[in-house]
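So the chains spell out like this:
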There are 2 protein chains.
Amino acid sequence: MTGLPPTIERVIDSFSSFPGIGKKTAQRLALHVMKADKETILQFARSLTDAREKIIYCQLCHNYSENDVCHICSDPLRDESVICVVEEPADIILFEKAGYKGFYHVLGGALSPLDGIGPEDLNVESLIGRLDRVKEIIIATNMNIEGDTTALYLSKMLVDRHIKITRLARGVPVGGHLEFVDEATLTRSLSERVLIRDE
Amino acid sequence: MTGLPPTIERVIDSFSSFPGIGKKTAQRLALHVMKADKETILQFARSLTDAREKIIYCQLCHNYSENDVCHICSDPLRDESVICVVEEPADIILFEKAGYKGFYHVLGGALSPLDGIGPEDLNVESLIGRLDRVKEIIIATNMNIEGDTTALYLSKMLVDRHIKITRLARGVPVGGHLEFVDEATLTRSLSERVLIRDE
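Summarised in this report is the structure supplied together with it.

Reading the values: rules and limits
- Going along each chain's sequence as written, the residues are numbered from 1 onward.
- Chain letters start at A and ligand numbers start at 1, both assigned in the order the entries are written.
- In keeping with the predicted nature of the model, local features appear solely for residues at pLDDT of at least 70, side-chain atom pairs appear and are counted solely at 80 or more, and the whole-chain, interface and lining totals rest on all residues.
- Note that water and hydrogens are dropped before the side-chain values are worked out from all heavy atoms of the structure.
- Secondary structure elements follow DSSP: runs of H or I no shorter than four residues count as helices, runs of E no shorter than two count as strands, and numbering proceeds from the N terminus.
- Atoms counted for the radius of gyration: C-alpha only. Globule rule: 2.2 Å times residue count to the power 0.38.
- The cut-offs for exposure are 20% and 50% of the maximum accessible area for each residue type, with area from a 1.4 Å probe on protein chains only; residues under the lower value are buried, those over the upper are exposed, and the others partly exposed.
- Contacts: residue pairs with any heavy atoms within 4.5 Å of one another.
- Every accessible area reported is derived by Shrake-Rupley at a probe size of 1.4 Å, with residue values counting cover from the shown protein chains alone.
- In summary, the charge assignment counts Lys and Arg as positive and Asp and Glu as negative, without counting His or the chain termini.
- To locate a charge, take NZ of a lysine, CZ of an arginine, CG of an aspartate or CD of a glutamate.
- The criterion for strand pairing is that DSSP finds at least two bridges linking the strands in question.
- With the strands pointing away from the viewer, any crossover whose connection runs clockwise from the first strand over the helix to the second is right-handed.
- For this analysis, a nonpolar core means a set of buried residues of the types Ala, Val, Leu, Ile, Met, Phe, Trp, Tyr and Cys, connected via side-chain atoms within 4.5 Å.
- We define a salt bridge as a contact between a side-chain nitrogen of Lys or Arg and a carboxyl oxygen of Asp or Glu at a distance within 4 Å.
- One less than the residue count of a helix, multiplied by 1.5 Å, gives the span that helix is expected to have.
- A 1.4 Å probe defines the accessible area here, and the buried area is the portion of it lost by two parts on being joined, summed over both.
- Whenever two N or O atoms come within 3.5 Å, that pair is a polar contact, provided that in protein one can donate a hydrogen and the other can accept it, and provided that, for residues adjacent in sequence, both atoms are side-chain atoms.
- Any residue that is not Ala, Val, Leu, Ile, Met, Phe, Trp, Tyr, Cys, Pro, Asp, Glu, Lys or Arg is counted as polar, Gly included; the first ten are nonpolar and the last four charged.

Observations regarding the overall build of chain A
Of the regular secondary structure elements, chain A holds 7 helices and 6 strands. Each helix (α) and strand (β) of chain A, taken in turn from the N terminus, gives the series α-α-α-β-β-β-α-β-α-β-α-β-α. Compactness check: chain A gives a C-alpha radius of gyration of 22 Å against a globular reference of 16 Å for 199 residues, more than 25% above the reference. Each principal axis of the C-alpha atoms in chain A carries an extent, and together these give about 70 × 45 × 35 Å. Across the 199 residues in chain A, those meeting the buried criterion constitute 42%. The long-range share in chain A, meaning contacts at least 24 apart out of those at least 6 apart in sequence, stands at 45%. Within the structure as shown, chain A displays about 11500 Å² of accessible surface, and the carbon and sulfur contribution to it stands at 54%. Across chain A, the 23 positively charged side chains and the 30 negatively charged ones have centroids separated by 5 Å.

Here it is, written out as structure tokens:
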């Protein structure tokens, strides 16, 4: 019992169910709902409903889309010779900010035998069907065991195609102090060091 | 541009407009909206709409309510001899958790001459109309200048009524280390010290 009407309690409970939102924060957000401009909140409610009722997966890249083919896949100015393979739609946000101009392919996860996730659970089949004019595939799965396993699987599967396959560089983060870098990253960063000047 | 459809961008923007929610968190919440159970999200949207379309202010205490009189004011088991005066409905949540069993009165803010907020902007008039069977008024406004000013104003206004007027105790927080308590709190805590054993 919070002393607030059940309708507001329901809003608090809904907010609480979001990842990283605790009970206190949920209360604060729900009380903001009550104080904010009414039309803004009704518009928020409509956008939530729209997001769940109108959004489908793009038939080509499996990113979220309002149409059968998403606005990235249907953009004629994009570089059709490169496909960046990511695990989740969220990853696309980062690449768009980084200025990437090629196409994407969302796997919908990564291989994880322990969790029973095999190639048939991922959008791998449809990637094969998109390779006609592709010259390079950038594998941008996460830098963990599942992501590495998926990268290895994809590169083996594409071995007899004449397509360049690359993986994102691993190393010391930009702005990072060497002191705080873990051993595995430093080892990788050392073995994959980049030439600045020859001789 | 995030590479996501405009419908999802609108959800991200809506979440961003909440207090304490940054762009990254908003993205995470919006992507949770896409992954969570569809019916849960539609229910969330409905609860938001309900909260703004059905909730009114209680005619007696000005707390949020689904009816003309809120469920606290219409509870016959509550102690009608005490009214706890708070600034905002959010404060009621805390008192309910603390086990308080009297009634409430929500002022809707605190006096602040600098911000042009005078007694006529607060629910003061309606408090006067509720004092018939009241024996004690607990002033639980915030412990800052505006809250103190409001407490002083209320106690002066009620000076010719035979009602006990109290203010929440100020002092060292429970579990608090003296080392970290500010001077003003310690001074107050010292002058309002509580007797444990006499002689």
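Back to the write-up after that little detour.
A word on the pairing of strand β5 (residues 136-139) of chain B
All names here are of chain B. Side chains of β5 alternate between two faces, with Glu136 and Ile138 and Ile137 and Ile139 buried alike. Bridging between strand β3 (residues 79-86) and β5 involves 4 bridges; their strand directions are parallel. Bridging from a neighbouring strand, Ile83 pairs with Ile137 of β5. As defined by bridge partners, β5 adjoins strand β6 (residues 164-167) across 4 bridges and the pair is classed as parallel. The residue bridging Ile139 from the neighbouring strand is Arg167, located in β6. In this fold, β5 hands off to helix α6 (residues 145-157), which returns the chain to β6; that crossover is right-handed.

Some points on the nonpolar core
Phe15 and Leu48 of chain A together with Phe15 and Leu48 of chain B are the most contacted members of the largest nonpolar core, which has 44 residues in total. Elements represented by at least two residues in this core include exactly α1 (6-16), α2 (23-35) and α3 (38-54) of chain A together with α1 (6-16), α2 (23-35) and α3 (38-54) of chain B. Residue contacts for Leu48 of chain A: discarding those within four places in its chain leaves Val11, Phe15, Val33, Ile41, Phe44, Ala45 and Leu48 of chain B.

Some remarks on the pattern of salt bridges
Pairing between side chains of opposite charge can happen when their charged atoms approach one another. All told, the structure shown has 18 salt bridges over all chains when counted by the stated rule. For the salt bridge of Glu88 of chain A with Lys35 of chain B, the shortest nitrogen-to-oxygen distance reads 3.4 Å. Taken as a pair, Glu88 of chain A in the loop between β3 (79-86) and α4 (89-97) and Lys35 of chain B in helix α2 lie in two separate chains rather than in one. Arg188 of chain B is the partner of Glu192 of chain B in a salt bridge, and the nearest nitrogen-oxygen pair spans 3.0 Å. Note on Arg188 of chain B: relative accessible area 34%, which makes it partly exposed. Overlapping salt bridges bring together Asp148, Arg167 and Arg170 of chain A as one network.

Details of α6 of chain B
Helix length check: α6 of chain B (13 residues) gives 18 Å between terminal C-alpha atoms against 18 Å at 1.5 Å per residue, within 8%. On its buried face, α6 of chain B sits against β3, α5 (125-128), β5 and β6 of chain B.

Things to note about the interface of chain B and chain A
Taken together, the contact pairs 56 residues of chain B with 56 residues of chain A. When chain B packs against chain A, close to 5300 Å² is buried across both sides, 68% of that on carbon and sulfur atoms. Considering only the side of chain B, the residues that lose the most area to chain A are Phe18, Arg52 and Tyr64 of chain B, jointly responsible for 14% of the buried surface there. Linking chain B with chain A are 2 salt bridges, by the criterion used here. In this structure, the connection of chain B to chain A is made through 14 residue pairs in polar contact (both at pLDDT 80 or more). Listing elements by their share of the side of chain B that touches chain A, those giving two or more residues are α1, α2, α3, β2 (64-65) and α4 (89-97) of chain B. Each residue belonging to the side of chain B that touches chain A can be placed in one class, and the counts come to 29 nonpolar, 14 polar and 13 charged.

That is the geometry; function is a separate question.
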